Amino acid sequence: MAKLVIDLHKCLNSGQCAYLQPELFALNDDGEPRVVDSAPTGDLIAKANDAITMCPAQAISLED
Amino acid sequence: MQRECPFAHTSKPFDWYAVTREADVAALLKDWDLWTSFSGPGLAHQTGGVLVTVDPPEHLFDRRLINQAFSPAQLLAMEDDITALIGELIDRFVADGQGDLVQLFTVPVPLIVISRLLGLDEDQVTQMRPLADAVIHPNTPPGKIDRPQEDTPQTRYFKQMIDQRRDMHSKGETLPDDVLTTLVTAELDGRRLNDVEVMGFMGFLYIAGSQTTTQLIGNLIYRLLQHPEQLDLLINDWSLLPNAVEESLRFDSPVNGLFRTNTRETEVHGVTIPEDTKVICMFGAANIDPQFWGEDAGEFNIRRNPQLTKRHYAFGKGIHYCMGAPLARLEARVAVKAIFERLPNLRLTGEPKEIAAHVMHGVDSLPVAWDIA
Ligand code: HEM
Ligand code: SF4
């Protein structure tokens, strides 16, 4: 199953992922994003792809 | 500034406040339900418009729509185009040996790029530039500008371009691959944009992307000329270029700050703020807050830890995070590298002028000379 990951080294802390797809991402108190559902299925795959294309740092991916 | 006065009050032309500490700017930008954008990011209460004057959930529609033509991947794919355009621009003045880099270079670069991206004619866009400047000029009456409904040279030009595309579209002709085509043809959630909306997006992208990027490029060139030891570091190791761009954004935030408006009474630093009050988030001040960045916050240092530098507020943060950020960063990288490679021994020949508009921070002139081969 595909695994949803954020490359925190590339991440620019925009906060967009948590805004776009709160089911998949959340922000810690210091503004650092984290994945809340790392194995999305069904509808959530399209939602993950929405965040992937919109992340300004291109830091999010679905890995096999 | 932050230490004595983290929360400043002004009563002209009406009551408004400013937050300057990193922690407060972060808190306000995060709480978009309380601190909204519905009356605009400027001091004047302004409703209507796109993106920056819209709150969720409509705001998500705007971002996803624009993303169809403006995704980070699409923007970064413009690197070769941008490199060529910037190279041609430098060809025009490289033999002069001296001049004002603001007029010659930092003003035209974003206009050339945005014309290409939006599908507009460069000369037309350059002529409209005073309009874009007026939006941020302190003497411009609020609400006078950027109204797609109004009959101005800009709206007439946009309308003509839109009509042309719609006409081509209805005849089944192949449309150019640019933002205008996307806006005219895009469909999202079963909805299409009308002409006024297309003009709103075009006008906004053009304004959001020109002055700001001009300031970034000018600020970075200026700081490097001011700090020759940092320029040497960079010229000897261009892998530092992304750090240099981020440090410039942090140290010289092109946008000083933008406003939010509260939907209910609240308290900030013990002060009661009535509903519907304008509070400005000072990005530039937050970017040099020693409580967050450390004691060397006020130094320009391209070797600062990039994992820290990237946390600056120059592009805002959270839901309205700048959609042009990947493009602005790319333009700055290409522009600054090209300028130092093509203009040997580049040096200041006078003091730059600071830009007059209050919301912007940057140079309005950059008198320089360089060696001619
Ligand atoms: C160095 C250059 C730039 C700076 C400093 C900058 C700064 C900003 C800031 C601070 C915001 C946040 C607005 C808010 O929170 O209310 C913003 C939003 C935005 N910027 Fe930029 N910008 C730059 C370049 C660009 C470019 C080149 C474009 C596109 C051509 C662009 C398009 C946008 C858009 C579409 C938004 C609205 C996002 C939203 O409201 O959701 N910007 N920019
Ligand atoms: S959208 Fe991308 S850059 Fe922004 S917080 Fe999420 S991972 Fe980081």
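None of these values were measured; they are calculated from a predicted model. (Residues numbered from 1 in each chain as written. Chains lettered and ligands numbered in written order. Predicted model: local features only at pLDDT ≥ 70, side-chain atom pairs only at ≥ 80, totals over all residues. Heavy atoms only, no water.)

Enquirer: Help me understand the nonpolar core, please; the structure alone is not making it clear to me.
Expert: One recurring pattern in soluble globular proteins is that nonpolar side chains are buried together. Residues and elements named next belong to chain B. Counting 102 residues, the largest nonpolar core has L101, F105, I221, I339, F340 and L346 as its most contacted members. With 15 residues, helix 10 (residues 195–226) is the largest single contributor of residues to this core. Here F105 is in contact with I86, L89, I90, F93, I217, I221, A335 and I339, once residues within four sequence places are set aside. Counting residues in each nonpolar core, the second largest holds 16 residues, with L29, V255, V279 and F283 among its members. (Core = buried A, V, L, I, M, F, W, Y, C linked by side-chain atoms within 4.5 Å. Buried < 20%, exposed > 50% of the residue type's maximum accessible area, 1.4 Å probe, protein only. Helix = DSSP H or I, 4+ residues; strand = E, 2+ residues; numbered from the N terminus. Contact = heavy atoms within 4.5 Å.)

Enquirer: I tried to follow the site of ligand 1 on my own but got confused; where do I start?
Expert: Residues and elements named next belong to chain B. Every one of the 27 residues lining ligand 1 counts as a neighbour, but H59, R63, R260, H320 and C322 are closest to it. At a separation of 2.7 Å, an oxygen atom of ligand 1 approaches a polar side-chain atom of R63. R260 is positioned such that a nitrogen or oxygen atom in its side chain is 2.7 Å from an oxygen atom of ligand 1. Listed by contribution, the elements that provide at least two residues to the shell around ligand 1 are helix 2 (58–70), helix 10 and strand 7 (257–262). It is helix 10 that provides the largest number of residues to the shell around ligand 1, a total of 7 residues. Split by residue class, the shell around ligand 1 holds 18 nonpolar, 7 polar and 2 charged. (Near = heavy atom within 4 Å. Polar contact = N/O pair within 3.5 Å; in protein donor to acceptor, adjacent residues only side chain to side chain. Nonpolar A, V, L, I, M, F, W, Y, C, P; charged D, E, K, R; others polar.)

Enquirer: Would you mind going over the site of ligand 2 with me for this structure?
Expert: Residue and element names in this part refer to chain A. Around ligand 2, a shell composed of 13 residues is seen, among which C11, S14, G15, C17 and C55 lie nearest. Mapping ligand 2 onto the cavity grids shows that it belongs to the largest cavity. Residues of the shell around ligand 2, tallied by class, amount to 9 nonpolar, 4 polar and no charged. (1 Å grid on protein atoms, 1.4 Å probe; cavity = no way out; pocket = protein on both sides within 12 Å on 5 of 7 lines; lining within 4 Å. Sits in = over half its atoms within 2 Å of the grid points.)

Enquirer: What's the story with the pairing of strand 2 (residues 16–19) of chain B in this structure? I'm lost.
Expert: It is a general feature of regular strands that their side chains alternate between the two faces of the sheet. Residue and element names in this part refer to chain B. Of the two faces of strand 2, the one carrying W16 and A18 and the one carrying Y17 and V19 are both buried. Pairing analysis gives 4 bridges linking strand 1 (residues 7–10) to strand 2, with the strands arranged antiparallel. Counted as the bridge partner of H9 is Y17 from strand 2. Between strand 1 and strand 2, which follow one another and run antiparallel, lie 5 residues. In the sheet, strand 2 pairs with strand 10 (residues 278–282) via 4 bridges, with the strands oriented parallel. Directly across from V19, in strand 10, lies its bridge partner C281. (Pairing = 2+ DSSP bridges.)

Enquirer: Looking at this structure, I do not really get the coordination of the iron atom of ligand 1. What am I missing?
Expert: Of all protein atoms, just one serves as a donor to the iron atom of ligand 1, and that atom is B:C322 (SG), at 2.3 Å. With respect to the helices and strands, B:C322 occurs in the loop between helix 15 (306–309) and helix 16 (325–342). (Donors = N, O, S within 2.8 Å, 3.2 Å for Na, K, Ca; no water.)

Enquirer: Explain the pattern of salt bridges to me, please; I cannot follow it from the model alone.
Expert: Close approach of charged atoms allows side chains of opposite charge to pair. Residues and elements named next belong to chain B. All chains considered together, the criterion is met by 20 salt bridges over all chains. Between D195 and K159 there is a salt bridge, with its nearest N and O atoms 3.2 Å apart. Residue D195 is found in helix 10, and its partner K159 is found in helix 8 (residues 153–170); the two are separated by 36 residues along the sequence. Residue class for K159 comes out partly exposed when judged on its relative accessible area of 31%. In this structure, R304 engages D296 in a salt bridge whose closest nitrogen and oxygen atoms are separated by 3.2 Å. (Salt bridge = Lys/Arg side-chain N within 4 Å of Asp/Glu carboxyl O.)

Enquirer: Help me understand the sheet that holds strand 7 of chain B in this model?
Expert: The pairing of strands in a sheet comes from backbone hydrogen bonds and takes either a parallel or an antiparallel form. Residue and element names in this part refer to chain B. Read from one edge of the open sheet, 5 strands run 1-2-10-7-3, paired in mixed fashion. Each edge of the open sheet is held by one strand with a lone partner, namely strand 1 and strand 3 (35–36). Each of strand 2, strand 3, strand 7 and strand 10 touches helix 1 (residues 22–30); the most contacted strand, strand 10, lies at about 125° to it. (Axes fitted to C-alpha atoms, helices over the stretch in contact; angles between N-to-C directions.)

Enquirer: What's the story with the packing of aromatic side chains in this structure? I'm lost.
Expert: In this description, an aromatic ring pair is defined by two values, namely the gap between the centres and the angle between the planes. Residue and element names in this part refer to chain B. As enumerated under the stated definition, the model contains 9 aromatic pairs over all chains in all. Arranged with centres 6.2 Å apart and planes meeting at 40°, the rings of Y157 and F158 form a pair that is tilted. With a centroid separation of 4.9 Å and an interplanar angle of 80°, the aromatic rings of F292 and W293 are classed as edge-to-face. According to the relative accessible area criterion, W293 is buried, its value standing at 4%. A connected cluster of aromatic rings, assembled from ring pairs, spans F93, F105 and W370. For R250, the ring lying beneath its charged end belongs to W293, and the centroid distance is 5.3 Å. When the ring centre of Y313 is taken as origin, the NZ or CZ atom of K317, which lies over that ring, is 4.4 Å away. (Phe/Tyr/Trp six-rings, centres within 6.5 Å; stacked < 30°, edge-to-face > 60°. Lys NZ or Arg CZ within 6 Å of the ring centre and 35° of its normal.)

Enquirer: What's the story with the confidence of the model for chain A in this structure? I'm lost.
Expert: Interpretation of this model should avoid reading the predicted coordinates in detail wherever pLDDT is low. Predicted confidence across chain A gives a mean pLDDT of 96, with 100% of residues reaching 70 or more. The least confident element of chain A, judged by mean pLDDT, is strand 4 (residues 60–63) of chain A at 96; the most confident is strand 3 (residues 33–35) of chain A at 98. (pLDDT = per-residue confidence, 0-100.)

Enquirer: What exactly am I supposed to notice about the environment of B:A77 here?
Expert: Residues and elements named next belong to chain B. With respect to the helices and strands, A77 occurs in the loop between helix 3 (72–76) and helix 4 (79–93). The class for A77 is exposed, based on a relative accessible area of 62%. As for A77 and L327, which are separated by 250 residues in sequence, their C-alpha atoms are 9.8 Å apart.

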